[in-house]
Each structure stands twice: as C-alpha cells, then as structure tokens.
Amino acid sequence: MLNIVIADDDKTIREGIGTIIRSLGRGYGIDTTASDGQAALERVIALKPDVLITDIKMPVMDGIQLVHTISGMGLPVKMIVLSGYDEFEYVKESLKAGVRDYLLKPLNKRDLIKLLDRLEAAKGVELLLAEQQEKLKRRVEESRFLRRERLLWDLIVNRVRPAATFGERVSEFGLDRVPSFILAIVRIEDPAEPPAAIDWGTWLQELSEEVRWLEESLFSIQNGQLTLLLPCPAEADGTDGDQAPDPASFIWLTSRMRECAEGAFTAGISRPIPSLTDVPQAYRQAAECLRQAFYDGPGRVYVFDRERTVFPPVRDAEWAAPAQQILQAVEAFDADKACGQLDSLLSALIAQRVDPAQLAGVCSKLVRRVYARFEEAERIAEADPEASVLRVIEDAPAAQVLQERLCGALHRLVLEMQAHHAKKDSPVIASAKEYIRKNYAQNINLQTVAAQVHLNPNYFSNVFKQETGMNFLEYLLDIRIAAAKKLLEEPDVKVYEVGYLVGYDNPSSFNRAFKNVTGLTPSEYRKIGYSRTED
C-alpha cells in the first residue's frame, strides 16, 4: 500500500487526482493539503510518504526547487512531476534531480494507474530486498558472535592451532593491537530469567558504541555465566602480573548489565596478562575470585588476590567427632541439640574460610550418613522438598546462608522423623493401608479390608480409628480424592472418566464426594489447575 502526497497550487487538480486514486479502492494513504512547494516539503518531512506528486510551477517554492531540496536531504520518497507540453525543459532538470517519472497535463487516468502500479511493484521489491539484507546482516552478526565465542573458549582451553589460522582469528577482532588483557567472569545471582535467554551479544554490541574498549573484547555465555576477555585498562597495563587492575570499569559494566537482567551481579577479575597464551591462567584466577563471594557475599567485584583466594582444606579430624555427636542427637530425636552441634561445626569451618567445595562436601557426607542410618529420614526428604537437606546444600549461594538454611532443614527433618516415629502404624494397620492404596479403585469396603487382615469388621474399625485418627471411609475418601487430583492434572483424561478410575460407579457420586472434600467440583478444580500452569 502506497502513501501519497499531492502538491499543486490548484486545489481542483489536487482533489481531482486524489479522487481518481481513491476510486481504485486500494487503500492508499492520500494527503492533498499542500498548495505550494514549502508546504509540500513540510508534509513530506512529517508524513514520510512513498510518493510525492507535484506540479512544477507553484508559489513560495516551485517544483524544481522542491525536488532538489528533497534529493539533497536524502529523503526516500519517489517524486513524480506534473508538467504541460511546453515545460519539458523543466522536466529534464527535475529528472536530473532524482524525479522518478512525470505525468502530462491534462492528466490521463490510465497513465496515472500504470505509474502507480509500477511504483507499488517497485516498493514490494524494495521491501523484499531490505528484508533479505536485514536477514543477511543478522546472519553475519550471528556468525561473528559465534566466531568470537569460539575463539574465547579455544583460548581458555589452549586450543589455538595452527598458528597462521590463529593469527587471522585474533586480528579479526583487533586483539593483535592490544598489549595486555584481563579476563572477567560475571555471574547473575537469582536471575529473573536464565542468562542464556538474554541477548547479551546485541547488548554488548550497542554498549561498545559508548566505550571503544568493548570492541576489542571476546565474550561468551556458558553455564549461566558471562565470560569476557577485555583489553587491560591503561593504569593496569603491566606485564609482571603483580599490579591489580582497577575494578572501576567492571563495576560500571555490571551496573549497566541491570539494563538487561534483574539480580545481583558477582564478577571475578583476573590479573593482567601480557599474552593470549596466558588466558587459561587468567580464567582460573577469575573463577577463583568468584569463590570469594561464598564468604564475602554476592553482588560485588572481586579482583584476584593470591592470599584471599587460597582456601585451606577441611581435615577429617575437624568434623568426624562433631558428626558422630550430631548423629547421636538425631537418633534421640533431639532436634535442638542436633542443630546446635551442626551450627558449632559450621561456624568453626566458616571462620577458617575453608575450601567452599570441601565445606559443601562435608555437609553432603554428613547428610548422607543420616540417610544411611535412618531410612525414614531419606523417605521424608524425598516426600517433602522443604526437608530435602541435600538440596539446601546445592542451592546455598553463601556460607552464612548455607549455615542458616542447613541448620533449619536438619531441625525440620528431625521433628518430622520424631512425628513419623510417634504415629508409626502397627503391622495390621500398615497392611490394611497398603491394601487400600493398591485397591482403592475397586469396589472395596470395611468388610473387604477387615477380611484381608483377618479381623472382625467392628474390631478392625475401632483399631483403625484409634491408630489413624479417622474412620475407614474417611481414609478411603482421602486416598481416592488425592488420586483424582493427580488425574485431573492430566489433560488427556476426561473429567467423567476420573471418577470411574478412582472407584466411583457414577459421575454424580464422584462430583459430590470431590466437592465435599475440596469445596470445588472436579471441573472447577481442573480449570484452576490450568490457570496456575499458565501463570
């Protein structure tokens, strides 16, 4: 669809051309307000039309001046001039100025339609070419990004052969002009979205227009971290590796990263390196810096310091005896004592700033010993994610957080173990529960289950109530409704089928039972489940 501005000092001609174009029914945008060259120029600048149809002779600014002005401004508009038979010299001059074509007065409708057809076809071709060029540009940029990323990791793993090819790859990004480098690893703590989903490449490319040193950098997103190889700031441009780089530029960079992602940014920075062959060493230094955040906190920029990044190992003698005391407290279901002893052990290890990986390893070994000695502990942890002590160890971002969460999780676990032990079923009731869980979808009743455990129905009913706190029908209902809830989460299972699958003979009985327990009909429950999934 074309957008057209019509300029002529004769309103009748402007409106007449507009009427002809509208009669075609093609939905063209038409502006017929320009009665002189200056007004036409203003409309072209404001509307950015595809086509300008202008008379040659107009007041204020004639058509020749108008087309020269538009051409000089580089405005992408196709210009058509209206001329009489005695104005051909003006036409030739306007053609030199970039006019696309001309129409003779009096205007011939057929000529106008043919010209519009050509212009519309040309616009389609131009749009197609522009789209293809944009795709090609994106592919080139993507290819350049991948080459940049591949070169960085080839440097990190010391895979830079053969020398001639490596030299070409380095010079492509201007790294052969850089006297020294710094490697930085930036980690996003608790990001709102995965770092890999963020278009860091485009963002860094745009940011490089503000700071030129980013043009001579390599960057990559791997394992949820942004790794950058950057030219060394001039004030830290030493070759002995003893001078620490000024972290100001990296603090600035991580602050700008909040434009793309929410969260705290922790950066580890290597010492300056004089050669690209030292990149593996720089990467190890930056990674070691990130380990400092375990003790000193996330959201900061850490510069490699040999003294700060040396973590002493954990000796077995430091935790073997406290671990045994913790196990004894767990066995006695003394949650406070178990957590107090664990807190003392962790405080001692954290005060020494022991190796973070070994500290996590000690915690994991301790928890696995609890699981190995007390089978119900592992079962409770598997059934209750909040009691999963191993998950706490894996997810803790800092030492103090690990200490607080791990002690809390162990306290909860011991209390759960104590409660589980207190309400442990007798063998008869355990057997009855197992039978119900396996056969709830069948037509079972109190008499059926009592016969399975070889008890009188009345006696079985009393014992079941005493040990479980609910009667047989209440327990059976809970089992069936829990199973129904899981089935309702499966979109392929129809609502009316769920009732039959959990032991109800007709839908109305199932609907009534389900609503009595949940307050919702099965259909309403399923809809709520879908809305939660979408959220």
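Provided above is the structure to which this section pertains.
Residues numbered from 1 in each chain as written. Predicted model: local features only at pLDDT ≥ 70, side-chain atom pairs only at ≥ 80, totals over all residues. Heavy atoms only, no water.

## Examining the overall build of the protein
Helix and strand content of the protein: 22 helices and 10 strands. Evaluated residue by residue, the protein yields a buried proportion of 42% over its 535 residues. When the accessible surface of the protein is split by element, carbon and sulfur atoms take 50% of a total near 28,700 Å². (Helix = DSSP H or I, 4+ residues; strand = E, 2+ residues; numbered from the N terminus. Buried < 20%, exposed > 50% of the residue type's maximum accessible area, 1.4 Å probe, protein only. Areas by Shrake-Rupley, 256 points an atom, 1.4 Å probe, with all protein chains shown as cover.)

## As for empty space enclosed by the protein
Under the defined criterion, the tally for this structure stands at two cavities of 30 Å³ or more. One number sums up the size of the largest cavity: a volume of about 60 Å³. Along its surface, the largest cavity is lined by I326, L342, L366, V367, V370, V389, L406 and L410. If you list the elements that add at least two residues to the lining of the largest cavity, you get helix 12 (356-373) and helix 15 (399-422). For the lining of the largest cavity, the element with the most residues is helix 12, which contributes three residues. (1 Å grid on protein atoms, 1.4 Å probe; cavity = no way out; pocket = protein on both sides within 12 Å on 5 of 7 lines; lining within 4 Å. Points joined across faces, edges and corners; volume = space filled by probe spheres on them.)

## Thoughts on helix 1 (residues 11-23)
For helix 1, spanning 13 residues, the distance from its first C-alpha to its last is 18 Å, which sits close to the expected 18 Å at 1.5 Å a residue. Those residues of helix 1 lying buried are R14, I17, G18 and I21. For helix 1, the angular spread of the buried residues around the axis is 100°, confining them to a single face. Remark: G25 follows helix 1 within two positions and exhibits a positive phi of approximately 70°. (Expected span 1.5 Å × (residues − 1). Arc of directions from axis to C-beta.)

## As for the sheet that holds strand 5 (residues 101-104)
If you trace the five strands from one edge of the open sheet to the other, you get 2-1-3-4-5, paired in parallel fashion. Whereas interior strands pair on both sides, the edge strands pair on one side only; in this sheet they are strand 2 (29-34) and strand 5. Averaged over neighbouring strand pairs, the angle between their axes works out to 20° when direction is ignored. Bridging between strand 4 (residues 78-83) and strand 5 involves four bridges; their strand directions are parallel. Within the sheet, the bridge partner assigned to S83 lies in strand 5 and is L104. Docked against the sheet, helix 2 (residues 37-47) engages strand 1 (3-7), strand 2 and strand 3 (51-55), running at close to 145° with respect to strand 2. Packing against the sheet, helix 3 (residues 63-73) makes contact with strand 3 and strand 4, and its axis sits at approximately 155° to strand 3. (Pairing = 2+ DSSP bridges. Axes fitted to C-alpha atoms, helices over the stretch in contact; angles between N-to-C directions. Contact = heavy atoms within 4.5 Å.)

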